[in-house]
Number of protein chains: 2
Amino acid sequence: MKSVEKLGTEAEGWLRELGQFGADAIRGGVTRLLYTEEWVNAQLWIAEEMKQEGLEVRTDEVGNVYGRLSGTTPELRAIVTGSHVDTVVCGGIYDGSYGIVAAIIALRELKQRYGQPRRTIEAVSLSEEEGSRFPLTCWGSGSITGKYLVEDAVHIRSESEGLTLSDAMRDAVGKLIAGAGISLEPALRHDVEAFIELHIEQGGVLEEEGVALGIVDRIVGQKRATITVLGESNHAGTTPMHMRRDALHASVAMIAALNELASEAGAPLTFTVGSLQVEPNLSNVIPGKVVFTIDMRHPSDEKLQVYYDRAAAITEREAGRFGVDARIELWMNEPSAGMNAGLRLLLEQSCIRSDASWKLMPSGAGHDAQLFAAHCKTAMLFVPSRGGISHSPFEYTPPAYLGTGIHGLIDLLYELAYTDVYEDEWG
Amino acid sequence: MKSVEKLGTEAEGWLRELGQFGADAIRGGVTRLLYTEEWVNAQLWIAEEMKQEGLEVRTDEVGNVYGRLSGTTPELRAIVTGSHVDTVVCGGIYDGSYGIVAAIIALRELKQRYGQPRRTIEAVSLSEEEGSRFPLTCWGSGSITGKYLVEDAVHIRSESEGLTLSDAMRDAVGKLIAGAGISLEPALRHDVEAFIELHIEQGGVLEEEGVALGIVDRIVGQKRATITVLGESNHAGTTPMHMRRDALHASVAMIAALNELASEAGAPLTFTVGSLQVEPNLSNVIPGKVVFTIDMRHPSDEKLQVYYDRAAAITEREAGRFGVDARIELWMNEPSAGMNAGLRLLLEQSCIRSDASWKLMPSGAGHDAQLFAAHCKTAMLFVPSRGGISHSPFEYTPPAYLGTGIHGLIDLLYELAYTDVYEDEWG
């Protein structure tokens, strides 16, 4: 087996190659939206790499591309590892792609060193996670795990482009099959024993603490809501302060109180007001309307609900205090997703064996693993992100960390697919 | 002389007629921007009304239209009364226009009742005050009083339309001279003894207190600044709260502290954050940049400076507390303008004589009177605005109040132009 350093350097080379599909010469970074030409070419490149490494390649109805290393015992359910191939607009070369590249390299290393596994192992390049082109996220993993039905695609439309997900998909998957000369299978699967996702952290915790690997215990629950505050627009000079119903004044008081709530709650709650719009937004006019979002995340769904209820109460209270109306609309309410405890322990043991520094941590971002967690045993492993930067051309993880991540992945896949440690202890 | 009620009803009729020039059938209200076709037609209509009332009509280089009632003693400087003819986009029919209509009606009433005055009296329809088309305000009054030079117009350009103020002016004033068959004079004047502006309040004080007339003692000083707060944009889920440099979180704390300052200072300070922009303004991204404006007004320039300095210090302090950078750019710094004490007393005496309810009050908005105040004796008189609404199709003042205002104007003009009360006591 290659050394950790060599694995990392190799992975970096692959990521740079894969990063050419959708590279944006003007703005920097990679723009590889679902079912675009760049996306098709990236999947074709991945299919070719999988073939080169001796894996059996196939795709499915939604364009997920699999590279399979068949097991000796076909009746055992498969171990699947990978991540998503799509990017945000002007994203980095690591997000998603790292998990795919790592999966292919891991399967090659396992095959070279240990030959055929007991269980089938599959590397997967999932078609979509980011939600950057169509108004949904995790289309790839959602179609495998039954959250979405392929037929739903006719109802999903890109507002900016007008076309349906269904039409874009038919075109792209057609090109994929023709280009790679591969077979097509249904997206929904019931033969997955475990899913493992290796991903960059997209946060700064591992880097700050100088830790090589993050073993995810839980993907946080998320609630996102929009708060609309209605006051009364008026002249900034001629309206005495006591006669105002200033929507921004009230909103600032609300947000200050909500920030206070978050501060009192402390970690692991995160609270963000990321978007705020003022009307009419003129320096000399008292704002009549403010619309802002709140984003609250916590690993415990119960605690998240408690904090959300408090936030709603604070909003109501401040609205009353300022004589404005406030309407709260909750539009995202994702429960948290626990990672499999057995897989987590195997990862911890692997870190101990290989002397890699690691920490248990929640994932503050959503991932494909979140959808698999409701469907099969799921594990997620993070490597550090420089400065916590993601969704940016400046995304970067040093090769040594890339290698440590791949090493951990290989170790876990070995335990699951070549030994019966897991089945004996937690299966 | 007509009764107050009849004067008000007549004024309302005129305002409705004048409000047809630039009436916006789709969005409602009046859009009569400087030197547009609607503006030219409005000034031609006013010139025609002035002629009908037997006034000598002329215009000047910047398109201010005058209707003169010559005095018996030409060496005495003139009394000028009026307001601006331009409107904001979708404005009301009262703002500015009321002062013009009132001036013409007042001159007619004086002439009918008392004949030729000692001093020349002039009604004026000022070309511009709102700053809605070109990036300057009070072009009409500023050109009369020497704040602006007519030659400056070549350097002033409408960003949205590309053309210069100079080109727009040449075209419009040419049409005005041709259409009305009137003479052109220089804009700058040194022969104005007093300027009197009758205007709707554009605030809700008079209505709230049930008072018919506001006698302005001072137009407030104004400072407007833009505050740019730079933090660091980052992922809302994966960035722990203690690692954030959230520009909106910091801005909210700043604005809350600034609101607190304003609240402690109390009336007559007004403080408004009217405009606020967030970048990148996405619900799941920590804001990296916030730009907001502050608008501070106070009748005392010294106190305004003290509060502004405190506001700047609070901004710096909060920036430091949140580890963000804050830059303050002061881009409007208008000193307050005191109205003439003698004229104010004449107005008070007039109210007492006619049993009209009145109150002394500052003007929180800027007006043409502000520019005249640095140039000659100046008085300003307010009538109530329903709900304090202005710059809106819903602007409204009941006819009875319009009449009371005109009556007050007539009374003051009589004292100034027909008697020597003012000269004897304060001249």
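Here the structure is shown first, and the text comes after it.
Attention in this report is confined to the structure presented alongside it. (Residues numbered from 1 in each chain as written. Chains lettered and ligands numbered in written order. Predicted model: local features only at pLDDT ≥ 70, side-chain atom pairs only at ≥ 80, totals over all residues. Heavy atoms only, no water.)

Some remarks on the pairing of strand E6 (residues 192-200) of chain B
Residue and element names in this part refer to chain B. By the criterion of burial, E6 is predominantly enclosed, with nine of the nine residues buried. As defined by bridge partners, strand E3 (residues 78-84) adjoins E6 across four bridges and the pair is classed as parallel. For Val 80, the partnering residue across the bridge sits in E6 and is Phe 195. Both E6 and strand E17 (residues 377-383) contribute to a ladder of seven bridges, which runs parallel. Bridging from a neighbouring strand, His 199 pairs with Phe 382 of E17. (Buried < 20%, exposed > 50% of the residue type's maximum accessible area, 1.4 Å probe, protein only. Helix = DSSP H or I, 4+ residues; strand = E, 2+ residues; numbered from the N terminus. Pairing = 2+ DSSP bridges.)

Some details on the side chain of A:Ser143
If you trace the backbone, A:Ser143 turns up in helix H4 (residues 139-145). Within the structure, A:Ser143 has its side chain in polar contact with the backbone oxygen of A:Trp139 (distance 2.7 Å). (Polar contact = N/O pair within 3.5 Å; in protein donor to acceptor, adjacent residues only side chain to side chain.)

A few points about the relation of the copies chain A and chain B
For these two chains of identical sequence, chain A goes onto chain B by a turn of 180 degrees and a shift of 0.1 Å along the axis, with RMSD 0.1 Å. In short, the pair behaves as if placed about a two-fold rotation axis. In terms of C-alpha distance to the rotation axis, chain A has A:Val252 as its closest residue, with the C-alpha 2.7 Å off the axis. The overlap is high: 100% of the interface residues of chain A also sit at the interface in chain B, so the same surface is used on both sides. (Least-squares fit on C-alpha atoms with pLDDT ≥ 70 in both. Contact = heavy atoms within 4.5 Å.)

A closer look at the environment of A:Pro335
Residue and element names in this part refer to chain A. Relative to the assigned elements, Pro 335 resides in the loop between strand E14 (325-334) and strand E15 (337-338). Taking the C-alpha atoms as reference points, Pro 335 and Gln 370, 35 residues apart in sequence, are found 9.4 Å from one another. In this structure, Pro 335 is in contact with Val 220, Gly 221, Asp 301 and Gln 370, ignoring residues within four places of it in sequence.

Quick word on the interface of chain A and chain B
Counting from both sides, the interface comprises 50 residues of chain A and, opposite them, 50 residues of chain B. Together chain A and chain B conceal approximately 3,800 Å² of surface at their shared face, both sides included; 55% is due to carbon and sulfur atoms. On the chain A side of the interface with chain B, the three residues burying the most area are A:Thr238, A:Val252 and A:Ser283, jointly 15% of the side's total. For the pair chain A and chain B, the interface holds zero salt bridges. Between chain A and chain B we count 17 residue pairs in polar contact (both at pLDDT 80 or more) in total. Of all the elements in the fold, those that place two or more residues in the side of chain A that touches chain B are helix H6 (205-209), strand E9 (234-235), helix H7 (247-265), strand E10 (270-272), strand E11 (276-279), strand E12 (285-286) and strand E13 (289-298) of chain A. For the side of chain A that touches chain B, the leading source of residues is H7(A), giving seven residues. Taken together, the residues that form the side of chain A that touches chain B break down as 21 nonpolar, 23 polar and six charged. (Buried area = accessible area lost by both parts, 1.4 Å probe. Salt bridge = Lys/Arg side-chain N within 4 Å of Asp/Glu carboxyl O. Nonpolar A, V, L, I, M, F, W, Y, C, P; charged D, E, K, R; others polar.)

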